[in-house]
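Notes for the structure review
The lines below spell out each chain.
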Amino acid sequence: QVQLVESGGGLVQAGGSLRLACAASGRSFGSYAMGWFRQAPGKEREFVAGITRSGGSTYYADSVKARFTISRDSAKNTVYLQLNSLKPEDTAVYYCAASSSLYYSYYYPQSHRYEYWGQGTQVTVSS
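Just so you know, these numbers come straight off a predicted model, no measurement behind them.

What counts and how
- Throughout this description, residue numbers start from 1 for each chain and increase along the sequence as written.
- Given that this is a predicted model, residues contribute local features only at a pLDDT of at least 70 and side-chain atom pairs are listed and counted only at 80 or more, while totals for whole chains, interfaces and linings are drawn from all residues.
- Calculated side-chain values reflect all of the structure's heavy atoms, with hydrogen atoms and water omitted.
- Counting from the N terminus, the helices are DSSP H or I runs at least four residues long and the strands are E runs at least two residues long.
- Buried, partly exposed and exposed residues are distinguished by accessible area as a fraction of the type maximum, computed with a 1.4 Å probe on protein chains only: under 20%, between the cut-offs, and over 50%, respectively.
- When two cysteine sulfur atoms lie within 2.5 Å, the pair is treated as a disulfide.
- Note on aromatic contacts: the rings of Phe and Tyr and the six-membered ring of Trp form a pair at centre separations within 6.5 Å, being stacked when their planes are under 30 degrees apart, edge-to-face when over 60 apart, and tilted otherwise.
- Placement of a charge over a ring requires the Lys NZ or Arg CZ to be within 6 Å of the ring centre, with the centre-to-atom vector within 35 degrees of the ring normal.
- Definitions used throughout: a 1 Å grid over protein atoms alone; a cavity as a set of points that fits a 1.4 Å probe which cannot get out; a pocket as an open set with protein on both sides within 12 Å along at least five of seven lines; a lining residue as one with an atom within 4 Å of a point.
- Grid points are joined across faces, edges and corners, and a volume is the space filled by probe spheres set on the points.
- Residues are sorted three ways: Asp, Glu, Lys and Arg are charged, Ala, Val, Leu, Ile, Met, Phe, Trp, Tyr, Cys and Pro are nonpolar, and all the rest, Gly among them, are polar.

Here A23 shows up in strand β3 (residues 18-26). Look at A23 and you get partly exposed, because its relative accessible area is 36%. Residues A23 and V79, spaced 56 residues apart in sequence, show a C-alpha to C-alpha distance of 6.7 Å.

What follows covers the state of the cysteines. Each disulfide consists of one covalent bond between the sulfur atoms belonging to two cysteines. Applying the stated rule across the entire model yields one disulfide. Disulfide pairing is shown between C22 and C96; the S-S distance is 2.1 Å. Residues C22 and C96 are joined by a disulfide whose S-S torsion is about -80 degrees; by sign, that bridge is left-handed. Taken as a pair, C22 in strand β3 and C96 in strand β9 (residues 92-99) lie far apart in primary sequence, 74 residues in all. You can call C22 buried: its relative accessible area is 0%.

Before going further, it helps to spend a moment on the packing of aromatic side chains. Tallied over the full model, the rule gives nine aromatic pairs. Both rings, one in Y59 and one in Y108, keep their centres 4.5 Å apart while their planes meet at 35 degrees; by these two values the pair is tilted. Note that Y59 is positioned in strand β6 (residues 58-60) and Y108 in the loop between β9 and β10 (116-117), a separation of 49 residues in sequence. What links up through ring pairs into an aromatic cluster is the set F37, F47, Y114 and W117. Stacked on the ring of W117, the Lys or Arg R45 has its end atom at 3.9 Å from the ring centre. Sitting over the ring of Y107, R113 keeps its end group 3.6 Å from the ring centre.

Bringing the layout of surface pockets into the picture now. Size it by volume and the largest pocket reaches roughly 150 Å³. What lines the largest pocket is a set of 13 residues, among which R38, K43, E46, E89 and D90 lie closest to the centre. Class assignment of the residues belonging to the lining of the largest pocket gives a composition of two nonpolar, three polar and eight charged.

In short, shape yes, function no, at least from these values alone.
This is the structure in structure tokens:
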């Protein structure tokens with residue numbers, strides 16, 4: 001069992017930065033690959049970034065490459081998403097998710113493969 005709680009969202013001007021955190025509780029955090037997804041009003045949830053169990057590999061949606069960075073801190077049982085150079089189109093609710101079965105890199109963007117989800121944190125980017 002894993003419980004996930006996101007934090008760090010807020011209102012920021014275009015070009016600004018935010019750091020989102022996903023705090024995990026429960027056992028065996030290190031057994032789960034992690035992902036960040038986002039959902040804008042009226043749109044489907046989309047993959048943002050993923051990180052392997054060990055943190056050795058990361059994956060990003062094309063729309064956020066070179067701007068966002070996912071990382072994990074095993075000592076804090078926390079996954080982070082650093083959002084830089086934010087654009088208004090980044091406005092969305094950002095969700096953290098965990099999976100025990102992401103065996104291939106192409107699995108990471110597939111939301112149905114994630115077993116646990118946080119409540120989301122709102123990121124709003126103004127122009």
